[in-house]
Amino acid sequence: MSALTRGTIVWPAVSPREPRGLWLWSRGHDLAWIVGVGAFVFAALAVPITLLVPVSAGALVTAFMHMAVLCNYPHYAATYQIIARERHKAPGSFRWLVWSSPIAALAVALGVAWPWLIGPIVRLYLTWSAYHYAAQHFGIASMYQARAERPLAPRTKRALQAAFVAGAVAMMLFLNTKGGLGVPDAFGVAYGAPGMWQLPAQLYPLAVAFGLASLVLWGVAEKLARASSGAGLVFPARALVLTNFAWFVLPYLRVPGHDTPWIGATVGVWLPFAIPFFHCTQYLGVTGFRARTTGAVKPAYWFAILVALGLALFEGLRLLPPLTGRVGEAEALLLVPAVLNLHHFFIDGLIWKRARRPVTA
């Protein structure tokens with residue numbers, strides 16, 4: 001399939017079977033949700049509004065928590081649905097799902113038996129999240145390069161992957177460094193709680209260094225791409241690098257002379273809920289495409305099943321720990337999603353990995 005170029009934007013060409021209006025809608029969907037432009041538009045509106053009207057920050061949190069039912073929850077269910085649908089093609093992934101699920105249940109049971117474990121489990125979940133998000137950005141960027149018939153050469157691929165991972169490492173350090181996020185807790189777990197230790201505040205410059213390294217490595221990847229193919233990275237890949245930087249580094253930079261991030265506590269209230277939402281929209285966009293191209297799927301039924309399964313996983317399972325009398329609803333609301341996320345990170349890493357093939361493939 002030939003590539004269609006509009007300036008620096010490279011998308012797949014119009015398919016003979018695909019009407020131009022549908023093609024434009026599909027490219028707009030990619031631009032807004034998968035590449036990350038929608039998140040930038042939202043931030044451009046939400047940041048000044050919440051700074052001027054602080055009470056709106058709480059309203060945004062409530063909105064994102066409700067939208068989780070239609071976006072975040074189905075995003076987890078999509079992983080299990082893919083493995084179940086493709087179990088004959090990838091039996092190894094299905095076996096890992098079967099064997100790892102009891103381990104996840106055991107992790108919940110341990111958190112119920114010893115509630116002090118909830119803090120470390122939440123910390124592990126939040127720290128791993130940064131890498132998981134960055135790995136998704138890299139995978140999608142590689143996909144768009146291949147769709148434009150400009151697959152990444154090995155050296156270019158390593159440099160681009162390092163750019164995304166460096167941004168994730170910056171976020172990991174901000175999260176685990178005193179004052180790095182500018183908030184006293186992480187999703188309701190106070191940093192003073194058992195297992196929620198923090199690294200010295202002096203590591204803030206190291207986090208910034210990793211953030212800047214992500215941009216330098218992006219430049220290296222661009223140079224290597226031009227050397228190997230005669231052109232730089234395609235627009236979606238560039239946009240994803242900027243999205244990675246905007247999510248993990250930009251919000252937590254500090255104005256000289258201040259010891260907290262420039263976004264302040266007001267924006268910091270809703271930001272941890274906004275980033276997962278946009279991450280989940282990316283994932284649903286890609287998994288939806290995969291579902292439609294690997295078998296007969298009715299999108300309305302597919303999405304309804306994902307919503308139902310997501311509700312059962314999150315809202316159903318979190319009702320069980322309080323029945324033991326050892327933990328309350330608040331602890332269950334932290335424990336169950338954290339374990340489900342960790343299980344998702346592990347399983348998701350299996351289904352998107354492919355055996356190394358020549359770049360021409």
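The sections below set out a description of the structure shown in this document. (Residues numbered from 1 in each chain as written. Predicted model: local features only at pLDDT ≥ 70, side-chain atom pairs only at ≥ 80, totals over all residues. Heavy atoms only, no water.)

1. Examining the overall build of the chain
Alright, step 1. The helix and strand tally for the chain stands at 12 helices and four strands.
Alright, step 2. Across the 361 residues of the chain, 45% fall into the buried class.
Alright, step 3. Contacts in the chain between residues at least 24 apart in sequence constitute 73% of all its contacts with a sequence separation of at least 6.
Alright, step 4. With an accessible surface of roughly 18100 Å², the chain has 71% of that area assigned to carbon and sulfur atoms. (Helix = DSSP H or I, 4+ residues; strand = E, 2+ residues; numbered from the N terminus. Buried < 20%, exposed > 50% of the residue type's maximum accessible area, 1.4 Å probe, protein only. Contact = heavy atoms within 4.5 Å. Areas by Shrake-Rupley, 256 points an atom, 1.4 Å probe, with all protein chains shown as cover.)

2. Side note on unusual backbone geometry
Alright, step 1. In this structure, Glu-149 takes a positive phi of about 60 degrees despite not being glycine.
Alright, step 2. Position of Glu-149 relative to the elements: it lies in the loop between α6 (118–147) and α7 (154–176).

3. Side note on the nonpolar core
Alright, step 1. Core analysis: the biggest nonpolar cluster contains 94 residues, and Leu-160, Phe-164, Phe-174, Leu-233, Trp-247 and Trp-270 have the highest contact counts within it.
Alright, step 2. With residues up to four places along the chain from it excluded, the contact list for Phe-174 reads Gly-180, Leu-181, Tyr-204, Ala-207, Val-208, Phe-248, Val-249 and Tyr-252. (Core = buried A, V, L, I, M, F, W, Y, C linked by side-chain atoms within 4.5 Å.)

4. Description of helix α2 (residues 37–52)
Alright, step 1. Under the 1.5 Å per step criterion, the end-to-end length of α2 is 24 Å for 16 residues, consistent within 8% with the ideal 22 Å.
Alright, step 2. Maximum bend of α2: about 25 degrees, positioned at Ala-43.
Alright, step 3. Where α2 is concerned, the buried positions are Gly-38, Ala-39, Ala-46, Val-47 and Thr-50. (Expected span 1.5 Å × (residues − 1). Bend = angle between axes of the 7 residues up to and from the residue.)

5. What to know about the side chain of His-75
Alright, step 1. Residue position: His-75 is located in helix α4 (residues 72–85).
Alright, step 2. A relative accessible area of 1% places His-75 in the buried class.
Alright, step 3. Excluding residues within four positions of it along the chain, His-75 makes contact with His-279, Cys-280, Tyr-283, Leu-284 and His-344.

6. Re the packing of α4 against helix α12 (residues 329–351)
Alright, step 1. Running from amino to carboxyl end, α4 crosses α12 at an angle of 40 degrees, the nearest separation of the two axes being 10 Å. Compared by their axis directions, α4 and α12 come out oblique. Seen along the crossing, α4 lies across α12 with a hand that is left-handed. Judged by residue contacts, His-75, Tyr-76, Thr-79, Tyr-80, Ile-82 and Ile-83 of α4 engage Leu-340, Asn-341, His-343, His-344, Ile-347, Asp-348 and Ile-351 from α12. (Axes fitted to C-alpha atoms, helices over the stretch in contact; angles between N-to-C directions. Parallel < 35°, antiparallel > 145°, perpendicular 65-115°, else oblique. Left-handed = near helix turned anticlockwise from the far one by under 90°.)

7. Comments concerning the packing of aromatic side chains
Alright, step 1. Evaluation of the coordinates by the stated rule reveals 16 aromatic pairs.
Alright, step 2. Seen from their ring centres, Phe-42 and Trp-270 are 5.5 Å apart, and the 85 degrees between their planes marks the pair as edge-to-face. In this pair, Phe-42 is assigned in helix α2 and Trp-270 in helix α10 (residues 264–293), connecting sequence segments 228 residues apart.
Alright, step 3. One aromatic cluster is present, built from ring pairs that chain together Phe-42, Phe-64, Trp-270, Phe-277 and Phe-278.
Alright, step 4. Across from the ring centre of Phe-289, 5.7 Å away, lies the NZ or CZ of Arg-147, which sits over that ring.
Alright, step 5. When the ring centre of Tyr-204 is taken as reference, the NZ or CZ atom of Arg-254 above it lies at 3.9 Å. (Phe/Tyr/Trp six-rings, centres within 6.5 Å; stacked < 30°, edge-to-face > 60°. Lys NZ or Arg CZ within 6 Å of the ring centre and 35° of its normal.)

8. With respect to helix α5 (residues 91–113)
Given 3.6 residues per helical turn, the α-helix brings residues three or four places apart onto the same face.
Alright, step 1. With 23 residues, α5 extends 34 Å from end C-alpha to end C-alpha; this agrees with the ideal 33 Å at 1.5 Å per step.
Alright, step 2. Roughly 30 degrees is the biggest bend found in α5, and it falls at Ser-100, with proline Pro-102 one to four residues downstream.
Alright, step 3. Those residues of α5 lying buried are Ser-93, Leu-97, Ser-100, Ala-104, Val-108, Gly-111 and Val-112.
Alright, step 4. On its buried face, α5 sits against α4, α6 and α12.

9. A word on the packing of helix α8 (residues 204–229) against helix α9 (residues 235–248)
Alright, step 1. Where α8 meets α9, the axes come as close as 10 Å, and the angle between the chain directions of the two elements is 170 degrees. Between α8 and α9, the angle falls in the class roughly antiparallel. Every residue of α9 that contacts α8 at Gly-211, Ser-214, Leu-215, Trp-218, Glu-222 and Arg-226 is listed here: Arg-238, Val-241, Leu-242 and Phe-245.
Alright, step 2. Class assignment for the residues of the contact of α8 with α9 results in five nonpolar, two polar and three charged. (Nonpolar A, V, L, I, M, F, W, Y, C, P; charged D, E, K, R; others polar.)

Purely spatial values, then, with no claim about function.
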